[in-house]
Amino acid sequence: CLFCYEGEAERSLRRALELSGRGAESVSIVIGSEGGFSVSEAAMATELGAISVSLGKRILRTETAAAFVLGCLVYEYEM
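Residues numbered from 1 in each chain as written. Predicted model: local features only at pLDDT ≥ 70, side-chain atom pairs only at ≥ 80, totals over all residues. Heavy atoms only, no water.

## Some remarks on helix α1 (residues 13-20)
Note the following rule: Per-residue accessibility, obtained with a 1.4 Å probe over protein chains only, is compared with the maximum for each type, and a residue is labelled buried under 20%, exposed over 50%, and partly exposed between these values. The way it works is that DSSP assigns letters per residue, a run of H or I at least four long becomes a helix, a run of E at least two long becomes a strand, and they are numbered from the N terminus. It is the directions from the helix axis to the C-beta atoms whose arc is reported. Contacts were defined at the residue level, with two residues in contact if any of their heavy atoms lie within 4.5 Å.
Regarding α1, the residues found buried are Leu13, Ala16 and Leu17. Mapping the buried residues of α1 onto a view down its axis gives an arc of 100°, with all of them on the same face. Along α1, exposed side chains directed more than 90 degrees from the buried face belong to Arg14 and Leu19. In this structure, the buried residues of α1 make contact with β1 (2-4), β3 (51-53) and α3 (62-78).

Take a look at the structure:
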């Protein structure tokens, strides 16, 4: 489960996909509503096993973030 969080400073989506390898049978993506997640929501997600990832320096709208992540997954797993 990848938790897309604007407060993540160390792990990018790209790095998380590289580390996961191509053997994953499924991927769950959590993208927040407009305004982003609170620090406590992010902490709870990681405590429950989600991997916090950054989508880069820009803050994306929810609709754009979903399309961006799906494009990255297609590129990584189907190319």
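## Some details on the sheet that holds β1
Backbone-to-backbone hydrogen bonds pair the strands of a sheet. The strands run either parallel or antiparallel. This is how it is decided: When DSSP locates at least two bridges between a pair of strands, those strands are taken to pair.
One open sheet holds the three strands; their spatial order is β2-β1-β3, and the pairing between them is parallel. Each edge of the open sheet carries a strand with a single partner, namely β2 (29-30) and β3. The sheet contact formed by β1 and β2 spans two bridges and is parallel. The partner of Leu2 across the bridge, within β2, is Ile29.

## Focus: the side chain of Ser54
Note that Ser54 resides in the loop between β3 and α3. Residue Ser54 is classed as buried on the basis of its relative accessible area of 14%. For Ser54, the contacting residues outside a window of four places in its chain are Tyr5, Glu8, Arg11, Ser12 and Leu13.

## Let's talk about the packing of aromatic side chains
Operational definition: Side-chain rings of Phe, Tyr and Trp, where Trp is taken by its six-membered ring, are said to pair if the distance between their centres is within 6.5 Å; with planes under 30 degrees apart they count as stacked, over 60 as edge-to-face, and otherwise as tilted.
A full pass over the atoms with the stated rule returns two aromatic pairs. Summarising the aromatic geometry, the rings of Phe3 and Phe37 are spaced 4.4 Å apart at their centres and angled 40° between planes, so their arrangement reads as tilted. Here the residue Phe3 occupies a position in strand β1, and Phe37 occupies one in the loop between β2 and α2 (39-47), the gap between them amounting to 34 residues. Ring pairs connect the aromatic residues Phe3, Tyr5 and Phe37, which therefore count as one cluster.

## Observations concerning the environment of Ala50
Structurally, the position occupied by Ala50 is in the loop between α2 and β3. Taking the C-alpha atoms as reference points, Ala50 and Ile29, separated by 21 residues in sequence, lie 9.1 Å from one another. With residues near it in sequence (within four places) discarded, Ala50 still touches Cys1, Phe3 and Ala45.

## Observations concerning the packing of α1 against α3
What counts here: What counts as an axis is a line fitted to C-alpha atoms, over the stretch in contact for a helix, and the angles between N-to-C directions run from 0 to 180 degrees. Each crossing gets its handedness from the near helix: less than a right angle anticlockwise from the far helix is left-handed, clockwise is right-handed. Gly is put with the polar residues, along with every residue not named as nonpolar or charged; the nonpolar set is Ala, Val, Leu, Ile, Met, Phe, Trp, Tyr, Cys and Pro, and the charged set is Asp, Glu, Lys and Arg.
For the pair α1 and α3, interaxial distance at closest approach is 11 Å and the crossing angle is 35°. The element α1 and its partner α3 pack so that their crossing is right-handed. Side by side, α1 and α3 meet where Leu13, Leu17 and Ser20 of the first sit next to Phe68, Val69, Cys72, Leu73, Glu76 and Tyr77 of the second. Residue composition of the contact of α1 with α3, by class: seven nonpolar, one polar and one charged.

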